[in-house]
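# Summary of structural features
Residue strings, one per chain:
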Amino acid sequence: MSARSDATKRKLFTATLRLAGSKGLVGLTVDEIAAEAGVAKGTVYYNFESKDGLIDGLLRYGIGMLARRLRSAGDDPDPSRALESIVDAMLEFIAEYPGFSQIVVSELWRTPGQWHETLTLLRDDVVGILKERLEVLEAAGRMPRGVQVATAAAGLFGTLLVVALDWLVFQPQRTRAEVRDSVLLLVRGVTGGPAAGAP
């Protein structure tokens, strides 16, 4: 993907999320998205064949951005610090793109949902990254016996989404560090890690 193409997709992604936050995905039009992004309508159709194709493509684009951030954040050799960095990176992404999280929460668990298949990719990709980190903790003997890693990873994903949206909507005065440390207290309850706050 060229730098120009990536910049255009980022504009369309951000514009779609801004509009979806107030109107939802279904009610959006290509004209509205193009106007919000400050691009010609033809630019939308050049990159995507239809509005549904645009939204599907942008959801995949968002999934890719989030997954890259989480993988980069999770490369610390210490599994506890890696998990803490992943939590912080996901909260940072949600704060940067709150509409993305709103779409995930409203669409992922709605059956049937028009973008369910695409959002399932998000769920599987992010939960997979969390599961990998938890498996490293388990291999190091730092997970309580009996905890199912796959369930813990899915639970952490859901917790991060809901806690982050609660933060942005109802407690915007809290800092990301405060929210992160609250989530990590829950994580340490599962992983048996130290109670001290992340740096």
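Residues numbered from 1 in each chain as written. Predicted model: local features only at pLDDT ≥ 70, side-chain atom pairs only at ≥ 80, totals over all residues. Heavy atoms only, no water.

The name that an unreviewed UniProt entry assigns to the protein chain is TetR family transcriptional regulator, with the source organism given as Amycolatopsis antarctica.

### Some thoughts on the overall build of the protein chain
This is how it is decided: Only DSSP runs of H or I reaching four residues or more are called helices, and only runs of E reaching two or more are called strands; each is numbered from the N terminus. Two things to know: the radius of gyration comes from C-alpha atoms, and the globule rule equals 2.2 Å times the number of residues to the power 0.38. Note on contacts: a residue pair qualifies if any of its non-hydrogen atoms lie within 4.5 Å across the two residues. Here the accessible surface of atoms and residues is derived via Shrake-Rupley with a 1.4 Å probe, and residues count as covered only by protein chains that are part of the display. Counting rule applied: Lys, Arg positive; Asp, Glu negative; His and chain ends not counted. Just so you know, the charge point we use is NZ for Lys, CZ for Arg, CG for Asp and CD for Glu.
Counting secondary structure elements, the protein chain contains nine helices and zero strands. Taking 2.2 N^0.38 as the reference for a compact globule, 199 residues should give roughly 16 Å; the C-alpha atoms of the protein chain span a radius of gyration of 18 Å, in line with that estimate. A separation threshold of at least 6 residues defines the contact pool for the protein chain, and within that pool the share at least 24 residues apart is 64%. By element, 54% of the accessible surface of the protein chain is carried by carbon and sulfur atoms, the whole surface being about 9,900 Å². Measuring between centres, the 23 positive side-chain charges of the protein chain sit 2 Å from its 24 negative side-chain charges.

### What to know about the side chain of Thr8
To be explicit about the condition: Think of it in three bands: residues with accessible area under 20% of the maximum for their type are buried, residues over 50% are exposed, and the middle band is partly exposed, with areas taken using a 1.4 Å probe on protein chains only.
Residue placement: Thr8 occurs in helix α1 (residues 3–23). Overall, the relative accessible area of 17% leaves Thr8 in the buried class. Dropping the residues within four chain positions of it, Thr8 is found in contact with Thr43 and Asn47.

### With respect to the packing of helix α5 (residues 79–96) against helix α6 (residues 98–108)
We count it as follows: Interaxial angles span 0 to 180 degrees and are taken between N-to-C directions of axes, which are lines fitted to C-alpha atoms, for helices over the stretch in contact. For this classification, under 35 degrees means roughly parallel, over 145 means roughly antiparallel, 65 to 115 means roughly perpendicular, and everything else is oblique. Any residue that is not Ala, Val, Leu, Ile, Met, Phe, Trp, Tyr, Cys, Pro, Asp, Glu, Lys or Arg is counted as polar, Gly included; the first ten are nonpolar and the last four charged.
Viewed as axis vectors pointing N to C, α5 and α6 meet at an angle of 100°, and their least axial separation amounts to 4 Å. As far as their axial angle goes, α6 and α5 are roughly perpendicular. Residue-level contacts link Phe93, Ile94, Ala95 and Glu96 of α5 to Pro98, Phe100 and Ser101 of α6. Residues belonging to the contact of α5 with α6 are distributed by class as follows: five nonpolar, one polar and one charged.

### Quick look at the UniProt feature "DNA-binding region" (unreviewed entry) in the protein chain
Condition: UniProt positions are given in the numbering used here, feature names are shortened, and annotations may be inferred rather than shown by experiment.
Here the UniProt feature "DNA-binding region" (unreviewed entry) sits at residues 29–48. For residues 29–48, the helix share is 75%, the strand share is 0%, and the end-to-end C-alpha distance is 13 Å.

### Side note on the pattern of salt bridges
Put simply, the rule is: Salt bridges, as used here, are contacts in which a Lys or Arg side-chain nitrogen is within 4 Å of a carboxyl oxygen on Asp or Glu.
Across all of its chains, the model carries twelve salt bridges by this definition. Ionic pairing is found between Glu36 and Arg18, a salt bridge with its closest N-O pair at 2.7 Å. Remark: Arg18 occurs in helix α1 and Glu36 occurs in helix α2 (residues 30–37); sequence separation between them is 18 residues. Relative accessible area serves as the criterion here: at 45%, Arg18 is assigned to the partly exposed category. Across the pair Asp56 and Arg60 runs a salt bridge, and its minimum N-O distance is 2.8 Å. Of this pair, Asp56 and Arg60 both sit in helix α4 (residues 51–73), four residues apart, which is roughly one turn of that helix. Assessed through its relative accessible area of 22%, Asp56 is described here as partly exposed.

### Focus: the packing of aromatic side chains
This is how it is decided: Working definition: a ring pair exists when centres of Phe, Tyr or Trp rings (six-membered ring for Trp) sit within 6.5 Å. Plane angles under 30 degrees give stacked, over 60 give edge-to-face, the rest tilted.
Per the stated rule, a full pass over the model turns up five aromatic pairs. With a centroid separation of 5.1 Å and 50° between ring planes, the pair formed by Phe93 and Tyr97 is classed as tilted. Classification of Phe93 as buried rests on a relative accessible area of 1%.

### Considering the nonpolar core
We apply this condition: Here the nonpolar core consists of buried residues drawn from Ala, Val, Leu, Ile, Met, Phe, Trp, Tyr and Cys, with membership extended through side-chain atoms lying within 4.5 Å.
Of all hydrophobic cores here, the largest spans 62 residues; its most connected members are Leu12, Met90, Phe100 and Phe157. Only α1, α2, α4, α5, α6, α7 (116–139), α8 (149–170) and α9 (176–191) provide two or more residues apiece to this core. The element that contributes the greatest number of residues to this core is α4, accounting for eleven residues. Residues contacting Phe157, with those up to four places away along its chain left out, are Met90, Val104, Leu108, Trp109, Arg123, Val126, Val127 and Leu130.

### Regarding α1
To keep it simple, the criterion reads: Each helix should span, by expectation, one fewer than its residue count multiplied by 1.5 Å.
In a regular helix each residue adds 1.5 Å, so 21 residues correspond to 30 Å; α1 covers 30 Å between its end C-alpha atoms and thus fits that length. Among the residues of α1, Thr8, Lys9, Leu12, Phe13, Ala15, Thr16, Leu17, Leu19 and Ala20 are the ones counted as buried. Against α2, α3 (41–47), α4 and α6 lie the buried residues of α1.

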